[in-house]
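Here is what each chain is made of, one letter per residue.
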Amino acid sequence: MGRTIGIDLGTTNSCVSCIIDGERIVIPNAEGSRTTPSVVGFTEDGDQLVGQVAKRQAQTNAENTVFAVKRLIGRRFDAPDVAQARRSCPYKIVEGPNGDAWIDVRGKEMSPSEVSALILKEMREIAEDYLQEEVEDAIITVPAYFNDAQRQATKDAGRIAGLQVSRIVNEPTAAALAYGIGGEAQRSSMKVAVYDLGGGTFDISILELTDGLFSVLSTSGDTYLGGEDFDNAIIDYIADEFEEAHGVDLLEQPMALQRLKEEAEQAKCELSSTEEVEINLPFIHTGDDGPLHIEMTLTRAKLEELVDHLIERSLDPCRTALQDAQLRRSDVDQILLVGGMTRMPKVRQRVGEFFKQEVDTSVNPDEVVAVGAAVQGGIVTGELTDVLLLDVTPLTLGVETAGGVFTPLIERNTTVPCSHTEIFSTSVDNQTMVPIHILQGERAMAVDNKSLARFELTGIPPAPRGVPKIAVTFSIDENGMVNVSARDEATGQEQSANIVADGGLNDGDIDRIIAEAQQKEEEDRLARQVMEKRNQAEGMLYSTERSLQAYGSQLPAEEFEELMQDVETVKGLISDATLDELETILATLEAAAHRLAQAMYDAMEQQSAGDTSADEEAM
Ligand code: AMP
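Residues numbered from 1 in each chain as written. Predicted model: local features only at pLDDT ≥ 70, side-chain atom pairs only at ≥ 80, totals over all residues. Heavy atoms only, no water.

## Remarks on the overall build of the chain
Helix and strand content of the chain: 15 helices and 29 strands. Viewed in the frame of its principal axes, the chain has a C-alpha envelope of about 115 × 55 × 55 Å. Classification of the 619 residues of the chain by burial places 52% in the buried group. Within the chain, contacts between residues separated by at least 24 positions form 65% of all contacts whose residues are at least 6 apart in sequence. As displayed, the chain offers around 28,200 Å² of accessible surface, 46% of which is attributable to carbon and sulfur atoms. Taking the 52 positively charged and 109 negatively charged side chains of the chain as two groups, their mean positions are separated by 7 Å. (Helix = DSSP H or I, 4+ residues; strand = E, 2+ residues; numbered from the N terminus. Buried < 20%, exposed > 50% of the residue type's maximum accessible area, 1.4 Å probe, protein only. Contact = heavy atoms within 4.5 Å. Areas by Shrake-Rupley, 256 points an atom, 1.4 Å probe, with all protein chains shown as cover. Lys, Arg positive; Asp, Glu negative; His and termini not counted. Charge placed at Lys NZ, Arg CZ, Asp CG, Glu CD.)

Structure follows, in structure tokens:
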């Protein structure tokens, strides 16, 4: 078995890690960052960009840049929170073939699994570049609250990315696992609360650690609470102020909104370490009276006021998790923080107050989930042997019985893997067929829960109602995947279903997508190179133009004209240039930049020579 990588497929950022010689390594991407934005951009030329390069072009290509796809994966199109996403996303969310949420970019409809696969493929390539070997096996993490459909769709994404997903692990569980190994936490027995506030989701898990053995006592969360909501609170505040001052609604303008979004997130992050930040957005809108700018100060106190309700909202699931684990707050020995948002001092403070103790900030909140996944990988491959992990099922599973009642077979928060059998019977005389309708949820009536699958057990010998004995068995494996079987005790007749989630892709779809991806691999690589070079050239063009404006007067007029000409020519070529042409363009711009730098230094030298002689004269 080759190396198994651990991937934290995050709503906002993803991270990849692996175990090398027993050491836990977080793998940096080509730009040196240890996390990569979970953003995919689709360009006019049909190229697919992933990560930082996709995020960078989001501003000018907002409608074709997909972010937070994790919120759509395995979801029905008509789910209330998908409707919410449809209102807030600049890209188009459409109804897929099975009534699930798909994405339409540039006229092509794609499932969220396909888009997530592009992110996973990127993470895989980051690992391959670093390890200098092919990687096939991965552990992928998901929020504890993900239902079967979402887990299945995440697994599909892994497969499309060419990965063998050996396990799907709950994020908080992975975090605790990363924390537990070799850490102080390996006391004989302790209870840990993992508070995970990331970019798009919130999870709380209560875990028990006993002599290197983890078990999850309970999980709860909110799949719609995360850093983006904090960003939005800032955006709304700035946009309101702007509208009040100028009567212009910036939220209606995609380009302005994208700039606001970036600025808001940056301000939020900076306010974790400083007391106030300047928000500067020049030329945010051009109206009849000319250009308008945003220039304002945001203080930490104001930010805390704007997001207070969001922090409070995260505490409700904490109460539920404690209740489910039958614990009081004081029973929890340690609070572990996970997710970039937990860097915010106010979050730390409120969580500490809630649990009435200091929170633990010793682990890097952005990386700990990926590290935990890698540790899990180490356990699967046998490289790490001193921990074992038990997980729980997040929602109750059961079947529909007479009168549309939901009859649970496996209660939520049951440790997996697990299996449970119950005997059912027929409801009318001479019934030869029993429909098995499998559901997931906490409501009493079947109709209020999520339908996972249906099948029929046929061939039951005619008998009075209540006589036949039908054994229904639910099994959940260590990935949280469900198998249901129904067996007629008299005839031994059996039917079973592996739950292929609603909204999941069938094998044919997956094979087609994999083949397509393989076919396009070389094309994609080249397109990406061109895009990176183009970005580089555009950056260089921008700085050269600025230097020309600032220092051009230091050049002889003729040379200035010549450089201006060069820059103008290049400017018109960048958007359609090939890789080779872009190299030439870069060389031209570089030459111009060097010439300007030279002129600048010459001028500086002349100036300081003048200053010195002036000083000498004065003496
Ligand atoms: P994650 O999903 O764990 O990568 O968390 C990403 C979220 O954390 C995003 O909303 C980031 O804006 C936020 N974040 C990252 N660093 C900080 C920071 N220093 N202060 C506040 N929020 C942060």
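## Some remarks on the site of the ligand
In the vicinity of the ligand lie 13 residues, with Gly199, Glu265, Lys268, Ser272 and Gly340 positioned nearest. One of the side-chain nitrogen or oxygen atoms of Asn13 is found 3.3 Å away from an oxygen atom of the ligand. Within the contact set of the ligand, an oxygen atom lies 2.9 Å away from a backbone nitrogen or oxygen of Gly199. Notes on the ligand: free accessible area 500 Å², of which the protein chains cover 86%. By residue number, the principal contributor to the shell around the ligand is helix H7 (residues 254–270), which donates 3 residues. For the shell around the ligand, the per-class residue count stands at 2 nonpolar, 8 polar and 3 charged. (Near = heavy atom within 4 Å. Polar contact = N/O pair within 3.5 Å; in protein donor to acceptor, adjacent residues only side chain to side chain. Nonpolar A, V, L, I, M, F, W, Y, C, P; charged D, E, K, R; others polar.)

## Section: unusual backbone geometry
For Asp21, which is not glycine, the phi torsion reads 50° and is therefore positive. You can call Asp21 exposed: its relative accessible area is 74%. A positive phi angle, close to 50°, is found at Arg106, a residue other than glycine. Relative to the assigned elements, Arg106 resides in the loop between strand S9 (101–105) and strand S10 (108–110). Judged by relative accessible area, Arg106 falls into the partly exposed class, the value being 39%.

## Side note on the pairing of strand S16 (residues 276–287)
One ladder, built from 9 bridges, connects S16 with strand S17 (residues 290–299); its direction is antiparallel. Among the inter-strand pairings, Glu276 is bridged to a residue of S17, identified as Thr299. (Pairing = 2+ DSSP bridges.)

## Remarks on a nonpolar patch on the surface
Together, Val405, Met445 and Val447 make up a nonpolar patch on the protein surface, roughly 260 Å² of accessible area in all. Looking at where Met445 falls in the secondary structure, it is placed in the loop between strand S25 (434–440) and strand S26 (450–457). We classify Met445 as partly exposed; its relative accessible area is 34%. (Patch = residues over 30% accessible without salt bridge, like charges linked within 9 Å, V, L, I, M, F, W, Y side chains within 5 Å. Salt bridge = Lys/Arg side-chain N within 4 Å of Asp/Glu carboxyl O.)

## Examining the pattern of salt bridges
One pass over the structure, following the stated rule, counts 27 salt bridges. The salt bridge involving Arg487 is made with Glu489; its shortest N-O contact spans 3.4 Å. On the accessibility criterion, Arg487 (34% relative accessible area) is partly exposed. The shortest N-O distance in the salt bridge between Glu545 and Lys571 comes to 2.8 Å. Here the residue Glu545 occupies a position in helix H13 (residues 521–551), and Lys571 occupies one in helix H14 (residues 557–573), the gap between them amounting to 26 residues. Residue classification places Lys571 among the partly exposed positions, given a relative accessible area of 38%. What you see here is one network of salt bridges that share partners, running through Arg71, Glu228 and Asp229.

## Details of the environment of Lys520
Take Lys520: it is sitting in the loop between helix H12 (507–519) and H13. The partly exposed category is assigned to Lys520, whose relative accessible area is 30%. For the pair Lys520 and Arg86, spaced 434 residues apart in sequence, the C-alpha separation works out to 30 Å.

## Observations concerning the environment of Glu252
Its place among the elements puts Glu252 in the loop between helix H6 (227–246) and H7. Relative accessible area serves as the criterion here: at 63%, Glu252 is assigned to the exposed category. On a C-alpha basis, the gap between Glu252 and Gln164 in space is 43 Å, while along the polypeptide they are 88 residues apart.

## Some details on a negative patch on the surface
Taken together, the side chains of Asp236, Asp240, Glu241, Glu243, Glu244 and Glu252 define an acidic patch exposed on the protein surface. With respect to the secondary-structure elements, Glu243 resides in helix H6. You can call Glu243 partly exposed: its relative accessible area is 35%.

## Here we look at the sheet that holds strand S28 (residues 482–488)
In spatial order, the strands read S24-S27-S28-S29; together these 4 strands make up an open sheet with antiparallel pairing. What marks the edges here is a single partner per strand, and that holds for strand S24 (418–424) and strand S29 (494–498). Between one strand and the next, the sheet's axes are offset by a mean angle of 15°, whatever the strand orientation. Here strand S27 (residues 470–476) pairs with S28 via 7 bridges, running antiparallel. Following the sheet pairing, Ser475 is matched in S28 by Asn483. (Axes fitted to C-alpha atoms, helices over the stretch in contact; angles between N-to-C directions.)

## Looking at the packing of aromatic side chains
All chains considered together, the criterion is met by 3 aromatic pairs. Plain terms: the ring middles of Phe67 and Tyr91 are 5.7 Å apart, the flat faces sit at 85° to each other, and that makes the pair edge-to-face. In this pair, Phe67 sits in strand S7 (residues 65–67) while Tyr91 sits in the loop between helix H2 (80–88) and strand S8 (92–95), placing the two residues 24 residues apart along the sequence. In this arrangement the basic side chain of Arg71 is found over the ring face of Tyr224, its NZ or CZ atom lying 4.1 Å from the centre. Above the face of the Phe354 ring, Arg329 is positioned so that its terminal group lies 3.9 Å from the ring centre. (Phe/Tyr/Trp six-rings, centres within 6.5 Å; stacked < 30°, edge-to-face > 60°. Lys NZ or Arg CZ within 6 Å of the ring centre and 35° of its normal.)

## Describing the state of the cysteines
Evaluation of the coordinates by the stated rule reveals 0 disulfides. Free cysteine Cys18: the closest other cysteine sulfur is in Cys15, separated by 11 Å. Its relative accessible area of 0% is what places Cys18 among the buried residues. Between Cys89, a cysteine without a disulfide, and Cys269, which holds the nearest cysteine sulfur, the sulfur-to-sulfur distance is 20 Å. (Disulfide = S-S within 2.5 Å.)

## Quick word on the pairing of S27
Remark: a regular strand shows side chains that alternate across the two faces of the sheet. Of all 7 residues in S27, 6 are buried, a share of seventy percent or more. Alignment of S24 against S27, held across 7 bridges, turns out to be antiparallel. Paired with His420 across the two strands is Phe474, which belongs to S27.

## Topic: the nonpolar core
Counting residues in each nonpolar core, the largest one holds 53 residues, and the members touching the most others are Ile5 and Ile93. For this core, the leading source of residues is helix H3 (residues 112–131), giving 9 residues. Excluding residues that lie within four positions of it along the chain, Ile5 makes contacts with Val16, Ser17, Cys18, Arg124, Ala127, Leu131, Val135, Asp137, Ala138 and Ile139. If you look at the next biggest cluster of nonpolar residues, it comprises 51 residues, including Ile234, Ile238, Leu260 and Leu303. (Core = buried A, V, L, I, M, F, W, Y, C linked by side-chain atoms within 4.5 Å.)

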